[in-house]
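Coordinates in review
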Amino acid sequence: FLWKVPAIDLFKSEDCLIFEVEDFDLGSSSTSLGAFNVSAKTLYHWNGERREFALKSLLGEKDFGKGKVALRVRRATEDDIDFMEKYERSKNKKREVTTLLQLKGGKGTIASVTTVYKKKAKEGPDQGKEIYLVRPGPDPKRKDSTTWLTKEKIEEESMAES
């Protein structure tokens, strides 16, 4: 997501941003899995590295144990802002529900994203190795080199600075 806040307001703030993580249950209410907070000054100085935060149960909610959330935060580039503006415009267009719930191949959104696609690389530096289709999708600036990756390269990409 893109969060717009003047840097001076963030730097001067003594507040923190609170994230609550919930599961999603179709047809019933969601359950809080826990929450964590990040200080405004931490957000101001964050430069894109990956950080993990332990989930803590909210008052009166069930404690699920040792959940964690990993985040990356950085200042938005002009490309980021342009992408989000285009995304918001497309999201606001009226579409039929079936269009939103279907992806290529006729699978539902969740089934399509959670299906593992793999094959043996026929050429290149990973020739003969098992490679996997990157989900939810490749790096838009490097589609050719990030669409199919080995497990090791997927891990490496997920830890790289964004």
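Residues numbered from 1 in each chain as written. Predicted model: local features only at pLDDT ≥ 70, side-chain atom pairs only at ≥ 80, totals over all residues. Heavy atoms only, no water.

**Quick look at the sheet that holds strand E7 (residues 148-149)**
The line we're drawing: What makes two strands pair is DSSP finding at least two bridges between them. Each helix is a run of H or I in the DSSP string that is no shorter than four residues. Each strand is a run of E no shorter than two, and both are numbered from the N terminus.
Strand order in the open sheet formed by three strands is E5-E6-E7, with antiparallel pairing between adjacent strands. Each having just a single partner strand, strand E5 (118-120) and E7 make up the two edges of the open sheet. One ladder, built from three bridges, connects E5 with strand E6 (residues 130-133); its direction is antiparallel. Paired with lysine 120 across the two strands is glutamate 130, which belongs to E6.

**Observations concerning the nonpolar core**
Heads up, the rule is: What makes a nonpolar core is a set of buried Ala, Val, Leu, Ile, Met, Phe, Trp, Tyr and Cys residues whose side-chain atoms join them at distances within 4.5 Å. Buried, partly exposed and exposed residues are distinguished by accessible area as a fraction of the type maximum, computed with a 1.4 Å probe on protein chains only: under 20%, between the cut-offs, and over 50%, respectively. Contacts are residue-level and defined by heavy atoms, with any inter-residue pair within 4.5 Å sufficient.
Counting residues in each nonpolar core, the largest one holds eleven residues, listed as Leu10, Phe19, Phe36, Val38, Ala40, Leu43, Trp46, Phe53, Leu55, Val69 and Leu71. Contacts of alanine 40, omitting those with residues within four sequence positions, involve Leu10, Ser13, Asp15 and Cys16.

**A few points about the packing of aromatic side chains**
Two measures describe an aromatic ring pair: the distance that separates the ring centres and the angle between the ring planes. As a reminder, the rule being used: Within 6.5 Å between ring centres, the rings of Phe, Tyr and Trp (the latter by its six-membered ring) count as paired, and their orientation is classed by plane angle as stacked under 30 degrees, edge-to-face over 60, tilted in between. By the criterion adopted, a ring carries a charge over it if an Arg CZ or a Lys NZ lies within 6 Å of its centre and within 35 degrees of its normal.
Within the structure shown, the criterion is met by four aromatic pairs. Pairing phenylalanine 36 with phenylalanine 53 gives two aromatic rings, centres 5.0 Å apart and planes at 15°, and the pair type is stacked. Residue phenylalanine 36 is located in strand E2 (residues 32-39), and its partner phenylalanine 53 is located in strand E3 (residues 50-54); the two are separated by 17 residues in the primary sequence. Of the aromatic side chains, those joined through ring pairs into one cluster are Phe19, Phe36, Trp46 and Phe53. Positioned over the ring face of tyrosine 44 is arginine 75, at 5.1 Å from the centre of the ring. Against the face of tryptophan 148 rests lysine 119, its NZ or CZ located 4.3 Å from the ring centre.

**As for the pattern of salt bridges**
The condition is simple: By convention in these notes, a salt bridge is any Lys or Arg side-chain nitrogen within 4 Å of a carboxyl oxygen on Asp or Glu.
As enumerated under the stated definition, the model contains ten salt bridges in all. Ionic pairing is found between glutamate 52 and lysine 68, a salt bridge with its closest N-O pair at 3.6 Å. With glutamate 52 in strand E3 and lysine 68 in strand E4 (residues 68-72), this pair connects stretches of sequence that are 16 residues apart. Residues lysine 141 and aspartate 79 are paired through a salt bridge, measuring 3.4 Å at the closest nitrogen-oxygen approach. Of this pair, lysine 141 sits in the loop between E6 and helix H6 (143-146) while aspartate 79 sits in helix H3 (residues 78-92), and the two are 62 residues apart along the sequence. What you see here is one network of salt bridges that share partners, running through Arg50, Glu52 and Lys68.

**Things to note about the confidence of the model for the chain**
Rule in force here: As a per-residue quantity, pLDDT reports the predictor's confidence and falls between 0 and 100.
On average, residues of the chain carry a pLDDT of 78, and 85% of them reach 70 or more. Within the chain, no element has a lower average pLDDT than helix H4 (residues 97-101), which sits at 42, and none a higher one than E3, at 92. Per-residue pLDDT stays below 50 along residues 94-105; that stretch engages in eleven contacts with residues further than four places along the chain or on separate chains.

**Concerning the side chain of aspartate 126**
What counts is decided by this rule: Within 3.5 Å is the distance limit for a polar contact, defined as a pair of N or O atoms, with the added protein rule that one can donate a hydrogen and the other accept it, and that residues adjacent in sequence qualify only through two side-chain atoms.
Turning to its location among the elements, aspartate 126 is positioned in the loop between E5 and E6. Its relative accessible area of 11% is what places aspartate 126 among the buried residues. Reaching out from aspartate 126, the side chain makes a polar contact with the side chain of lysine 153 at a distance of 3.0 Å. Aspartate 126 has contacts with Ala121, Ile131, Thr150 and Lys153, leaving out every residue within four places of it along the chain.

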